[in-house]
Amino acid sequence: TNYFIQSNLRVSMSRRKRTAEKKKKSKFQYLDNEINSDKLVDDITCKGCFQIFSPGRVPKILLCLHTLCSECITRSIAANADKNKVNCCSCKMHSVAQNPDSFRTHSFVQILSDIASCYEGHLNGTLRCIGCKNVAGLRCLTCNENYCQEHTDFHVRSRATSHHKVLTFKQILNSPLLISTIKREENCPSHTSKILEFFCYTCKLPICTSCALAQHKSCVYEELGVAISALKQKFENLKPAFNRKAYNLKKMDTLLGNSSKQLEGEFSNCLASVGDMSDKIMRTLRQKEASFNHEIEDHCTQPLFKCGDVDVILCLWSISNAAERQFRRAAGVPVSRRG
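Below is a summary of the structure that appears in this document. Because the structure is a prediction, the values reported are computed rather than measured.

Before going further, it helps to spend a moment on the overall build of the protein. Across its full length, the protein carries nine helices and eleven strands. Within the protein, contacts between residues separated by at least 24 positions form 41% of all contacts whose residues are at least 6 apart in sequence. For the protein, the exposed surface amounts to about 24,900 Å²; the carbon and sulfur share of it is 57%.

What follows deals with the pattern of salt bridges. Considering all chains together, one arrives at three salt bridges under this definition. The closest approach of N and O atoms between Lys-47 and Asp-42, which form a salt bridge, is 3.9 Å. By relative accessible area, which is 30% here, Lys-47 ends up partly exposed. For Asp-114, the salt bridge identified is with Arg-139, shortest N-O distance 2.8 Å. In this pair, Asp-114 is assigned in helix 4 (residues 107-124) and Arg-139 in strand 6 (residues 138-140), connecting sequence segments 25 residues apart. Of the residues examined, Arg-139 reaches a relative accessible area of 2% and is grouped as buried.

Strand pairing in a sheet relies on backbone hydrogen bonds, with the paired strands running either antiparallel or parallel. Spatial strand order, 7-6-8: three strands in an open sheet with antiparallel pairing. The sheet terminates laterally at strand 7 (145-147) and strand 8 (166-168), the two strands that pair on one side only. Taking each pair of neighbouring strands and ignoring which way they run, the sheet shows an average axis angle of 35 degrees. Both strand 6 and strand 7 contribute to a ladder of three bridges, which runs antiparallel. Note that in strand 7 the partner of Cys-140 across the bridge is Glu-145. Taken strand by strand, helix 5 (residues 149-157) contacts strand 6, strand 7 and strand 8, and its axis lies near 120 degrees from that of strand 7.

Moving on, we get to the side chain of Thr-152. Looking at the secondary structure, you find Thr-152 in helix 5. Residues in contact with Thr-152, not counting those within four places in the same chain, are Leu-138, Tyr-147 and Val-166.

Moving on, we get to the nonpolar core. Core analysis: the largest hydrophobic core is formed by 23 residues, its most contacted members being Ile-115, Leu-173 and Ile-179. At the level of secondary structure, the elements contributing two or more residues to this core comprise helix 4, strand 6, strand 8 and helix 6 (169-174). If you tally residues by element for this core, the top one is helix 4, at six residues. Membership of the second largest hydrophobic core comes to 15 residues, among which are Cys-46, Phe-53, Leu-62 and Cys-69.

About the thresholds
Residues numbered from 1 in each chain as written. Predicted model: local features only at pLDDT ≥ 70, side-chain atom pairs only at ≥ 80, totals over all residues. Heavy atoms only, no water. Helix = DSSP H or I, 4+ residues; strand = E, 2+ residues; numbered from the N terminus. Contact = heavy atoms within 4.5 Å. Areas by Shrake-Rupley, 256 points an atom, 1.4 Å probe, with all protein chains shown as cover. Salt bridge = Lys/Arg side-chain N within 4 Å of Asp/Glu carboxyl O. Buried < 20%, exposed > 50% of the residue type's maximum accessible area, 1.4 Å probe, protein only. Pairing = 2+ DSSP bridges. Axes fitted to C-alpha atoms, helices over the stretch in contact; angles between N-to-C directions. Core = buried A, V, L, I, M, F, W, Y, C linked by side-chain atoms within 4.5 Å.

Written out as C-alpha cells, the structure is:
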C-alpha cells in the first residue's frame, strides 16, 4: 500500500512540475536563444504558485533566505491564522509573520522581473520611452527608467547622469548580476520623500535624517557608506577564520567518510564470520542428532529381554515375596496364601 501511495505521489509531483514548466514557457515565449531563459525564468518565478513576480506578486525574502511572493505568503498566513506561520515551499521551514510586509522585498529579483517584462514589451512594440512615444530599447540601471536611443544619448551626455549605467535589455538579462553592482539611492519606508543616509547599529536598520532626529535619538548610528565599508572590512577579517573552519570541516568529513567505510567493512566481516560459525554449529548439531537417532533405532530393534534375564527376574521376585512374608509374620500381620 505504501509503495502505491509513494508512486502516486511521485507521479502527481512530476505532473505538477511539468505543468509549471509549461506555464513558464508560455509566459516567456519571447525569450530567444541569445538569453539563458531557463536560469532567468527560475530566478523570477515564485516556487509556491509558479507565477512570475509582478507588482501584485512582490518577491519577499523569508527567514530561510528563500523567496516567496506576497500572495503565497498571504495565503499561508490565512491557512495558519492561529500561529501566523509561513511555510517555505523549498525547505519546509516555518517563518512567523502577520503580513507580507514583515519580510524584506527582494530588490534584485523584483528589478530583474520588471526588466524581463519590459523586454517583452520592447519586442511587442508596446514599451514606450520615458521621454517620448518611441519604443524603448535601453534601460538605465541607476534610475530604473527605459529610454529610446535618442534619449539614451542625451541621458549619458548630461553632467548629472553621465555616471549612470545604461544597457540594452539583452545585456542585462544575459548578465543579471550587473543589477547588484549599481549603487542606487533608496527611500526610507517611514518617510518616502527621504533617502536612507544612516545605519542604526542599535536597531540594525538603515534610516533617514528624519528617523535619526525623531525615533533614533538615543541610538548609535553612522553614515551608510561608512557603515557599509566597516561591515565589508569585518567580513574580510572573518574570511580567513571561516576558510580555516571550512577546511577543517571538509577534512573531518573526509575522515568520517573513511571511518564509516572502514566500519562497514569490519561489520560485513563480522557478519560473515558469525554466519560461518552458525553454519558450523548447525552442522555439528545435525551430526549429533543423526547419531542419536541411529542409536535409538538400534536399541528399538534389539529384543527387550533374553532367556537368562527372565530366569533371574523370576528368582528375584520369589525371593522378595518370601522376605515379605517373613516380615509380616514377625510383625503379627496375617499372611495371605496367594502368590
